[in-house]
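Here is how the chains run, residue by residue.
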Amino acid sequence: MIRLAIIGAGSMAGEHAKHFSRIEGVEVVAVCDMELAKARDFAGRHGIADAYDDLGVMLARTDIQAVSNVTPDGVHKLTSLAAIAAGKHILCEKPLATNADDAHEMAQAAQAAKVINMVNFSYRDAPAIQHARALITAGAIGQVRHVDASYRQSWLVSNEWGRWDQESQWLWRLSEAHGSKGVLGDVGVHIVDFASFPVGDISRVNCELTCFEKAPNNRIGDYLLDANDTALMRVTFANGAKGTIQATRWATGHHNSLTLSVHGDKGAIRVDLDASKDDVQVCLDDDVHPARWGTVKAPPTPSIYQRFVESIRSGENDQPDFARGAAIQTVLDACVISSQEDRSLEIAV
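Residue indices follow the written sequence of each chain, beginning from 1 at its first position. Where local features are concerned, this predicted model is filtered to residues with pLDDT of at least 70; where side-chain atom pairs are given and counted, the filter is 80 or more; whole-chain, interface and lining totals use all residues. To get the side-chain values, all heavy atoms of the structure are used, and hydrogens and water are removed first.

**Here's the deal with the side chain of His89**
- Going along the chain from the N terminus, every DSSP run of H or I of four or more residues is numbered as a helix, and every run of E of two or more is numbered as a strand. Among the structural elements, His89 can be located in strand 5 (residues 89–93).
- The class for His89 is buried, based on a relative accessible area of 18%.
- Whenever a nitrogen or oxygen atom comes within 3.5 Å of another N or O atom, the pair is scored as a polar contact, on the condition that within protein one atom can donate a hydrogen and the other can accept it, and that pairs from neighbouring residues in sequence are kept only if both atoms are in side chains. From its side chain, His89 meets the backbone nitrogen of Ile116 in a polar contact 2.9 Å long.
- The residues touching His89, leaving out its near neighbours within four places in the chain, are Gln65, Ala66, Val67, Val115, Ile116, Phe308 and Ile312. Using a 1.4 Å probe on the protein chains alone, a residue whose accessible area is under 20% of its type maximum counts as buried, one over 50% counts as exposed, and one in between counts as partly exposed. Throughout, a contact is declared for two residues whenever any of their heavy atoms are within 4.5 Å.

The following block contains the structure:
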């Protein structure tokens, strides 16, 4: 039996609790949050025995082998390093940290402690992106030449998820003073991983970050709305391929859409998670000349939660690990500098 604890008691922590509770041989035994009442309420709703407001006390329990860190971004480093120091295997929500230096420190600590460490890039759970990577790696589309990737959200123009201008859960995401790294840090982290996971590392980036006017003086109450809400990247991959990657909150007509197109000298693939999480569109072999597309059904893939548990059992660290999280954060940091200084940046790979 693997006994696991959850750090944080917010809505996303509930998703972690649900997923882990469905895995045979795993028991979620404790939850910790700065607000004890919140932790107790969470524990009651998810059938968890113990609730804490002191992380050190919870981590001192020798019967807990692993933790799932679902705290706010700004405390990922502090809480993760505490868990690693206590010898716990760890799954951390994205982004791994709020800057690359912290992320690399966390990756090095996890490696030194020899604990299983993974980052929740949740869209890797889609069978389509896993199969797209397998096809590209196998050479199905030849040498990759061009990549297009987009993460489109529209909650700044749609009230489907609530009123962004009246609810703190949205307003903080628009304010740097409240810990936001903008759309780049929130969902850009996903689309950078989504694009580079099947294609390869990004070695050069030129980025433009924009914060559009959303209210008088871009302020609502205590929230200065100064975090970027659109990110445009021109990138070069280590294999020489060129690409465009974008993330925005202004994509009217898209609630939460991820798309990827990868074009090679022998074929192409497309993934559209709105259309299907299981299908890969392909243009291969004789279909290249008439530009005819077909659909390939991707085989099932285990979730990040299942892969984390299997890694603990096998002792073999699956991906994406903390090193991958740090690599993605390095790209995001480069994007910020590129936008501030209006220049391209090389990225060591």
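Moving on, there is more to tell.
**So, the pairing of strand 1 (residues 2–7)**
- Burial runs high along strand 1: five of the six residues are buried.
- Pairs of strands are assigned from DSSP output, requiring at least two bridges between the strands. Taken together, the six bridges between strand 1 and strand 2 (residues 26–32) define a ladder with parallel strand orientation. Note that in strand 2 the partner of Arg3 across the bridge is Glu27.
- In this view, the connection linking strand 1 to its parallel neighbour strand 2 by way of helix 1 (residues 11–21) has right-handed handedness. Handedness is read with the strands pointing away from the viewer; a crossover is right-handed when the path from the first strand over the helix to the second is clockwise.

**What about the packing of helix 6 (residues 127–137) against helix 8 (residues 182–199)?**
- Put simply, helix 6 and helix 8 touch, their axes get as near as 8 Å, and they point 35° apart. Counted together, Ile129, Gln130, Ala132, Arg133 and Ile136 of helix 6 and Phe194, Phe197 and Pro198 of helix 8 form the full contact between these two elements. Geometry is summarised by axes, namely lines fitted to C-alpha atoms with helices restricted to the contacting stretch, and by angles between N-to-C directions that run from 0 to 180 degrees.

**Brief notes about the nonpolar core**
- Among buried residues, the Ala, Val, Leu, Ile, Met, Phe, Trp, Tyr and Cys ones that are joined through side-chain atoms within 4.5 Å form a nonpolar core. Core analysis: the largest hydrophobic core is formed by 74 residues, its most contacted members being Met58, Phe194, Met233, Val262, Ile269 and Phe322.
- Sort the elements by how many residues they give to this core and helix 8 lands first, with ten residues.
- Ignoring anything within four residues of it in the chain, the contact list for Val262 reads Ile136, Ile141, Val144, His146, Val147, Val199, Gly267, Ala268 and Ile269.
- In terms of nonpolar packing, the next biggest core, distinct from the first, is built from 25 residues, Ala9, Val31, Met118 and Tyr305 among them.

**Considerations on the sheet that holds strand 3 (residues 50–52)**
- Read from one edge of the open sheet, six strands run 3-2-1-4-5-6, paired in parallel fashion. Each of the sheet's edge strands pairs with one partner strand only, and the pair in question is strand 3 and strand 6 (117–120). The average angle at which neighbouring strand axes cross in this sheet is 25°, direction not considered.
- Pairing analysis gives four bridges linking strand 5 to strand 6, with the strands arranged parallel. Note that in strand 6 the partner of Cys92 across the bridge is Val119.

**Focus: helix 10 (residues 322–341)**
- Here, expected helix span is obtained from the residue count minus one, scaled by 1.5 Å. Its 20 residues place the ends of helix 10 28 Å apart at the C-alpha level, agreeing with the 28 Å of an ideal helix rising 1.5 Å per residue.
- Along helix 10, the residues that are buried comprise Phe322, Arg324, Gly325, Ala326, Ile328, Gln329, Val331, Leu332, Ala334, Cys335 and Ser338.
- With its phi angle positive at about 55°, Asp342 sits one or two positions after the end of helix 10.

**Concerning the layout of surface pockets**
- Computed over the protein atoms alone on a 1 Å grid, cavities are sets of points where a 1.4 Å probe fits but cannot get out and pockets are open sets with protein on both sides within 12 Å along at least five of seven lines; a residue lines them when it has an atom within 4 Å of a point. Grid points are joined across faces, edges and corners, and a volume is the space filled by probe spheres set on the points. Taken as a whole, the second largest pocket spans an internal volume of roughly 230 Å³.
- Forming the boundary of the second largest pocket are 16 residues, of which Ala110, Gln111, Val115, Asn117 and Asn317 lie nearest the centre.
- Secondary structure elements with two or more residues in the lining of the second largest pocket: helix 5 (100–113), helix 9 (304–314) and helix 10.

**Concerning the sheet that holds strand 7 (residues 144–153)**
- The strand order across the open sheet formed by nine strands is 16-15-14-13-7-12-11-8-17, and the pairing between neighbours is mixed. Bordering the open sheet on either side are strand 16 (294–297) and strand 17 (345–346), each of which pairs with just one other strand.
- Where strand 14 (residues 267–272) lies against strand 15 (residues 279–284), four bridges are found, and the strand directions are antiparallel. Bridge pairing in strand 15 places Ile269 opposite Val282.

**With respect to helix 4 (residues 76–85)**
- Of the positions making up helix 4, those classed as buried are His76, Thr79, Ser80, Ala83 and Ile84. Along helix 4, the residues classed as buried sweep out an arc of 135° about the axis, all on the same side. The exposed set on the far side of helix 4, more than 90 degrees from its buried face, consists of Leu78 and Ala85.
- Looking at the buried positions of helix 4, the neighbouring elements they touch are strand 1, helix 3 (55–59), strand 4 (66–69), strand 5, helix 5 and helix 10. Arc definition: directions from the helix axis to the C-beta atoms.

**A word on the pattern of salt bridges**
- Criterion for a salt bridge: a side-chain nitrogen of Lys or Arg within 4 Å of a carboxyl oxygen of Asp or Glu. Per the stated rule, a full pass over the model turns up 21 salt bridges.
- Two residues, Asp102 and Lys77, come together in a salt bridge whose shortest N-O distance is 3.0 Å. Here Lys77 lies in helix 4 and Asp102 lies in helix 5, a separation of 25 residues in the sequence.
- For Lys77, a relative accessible area of 23% gives the class partly exposed.

**Overview of unusual backbone geometry**
- Residue Pro95 is bonded to the preceding Lys94 through a cis peptide linkage, with omega at -15°.
- Relative to the elements of secondary structure, Pro95 occurs in the loop between strand 5 and helix 5.
- Positive phi values are uncommon outside glycine, yet Asp285 reaches one of about 55°.
- Along the chain, the position of Asp285 falls in the loop between strand 15 and strand 16.

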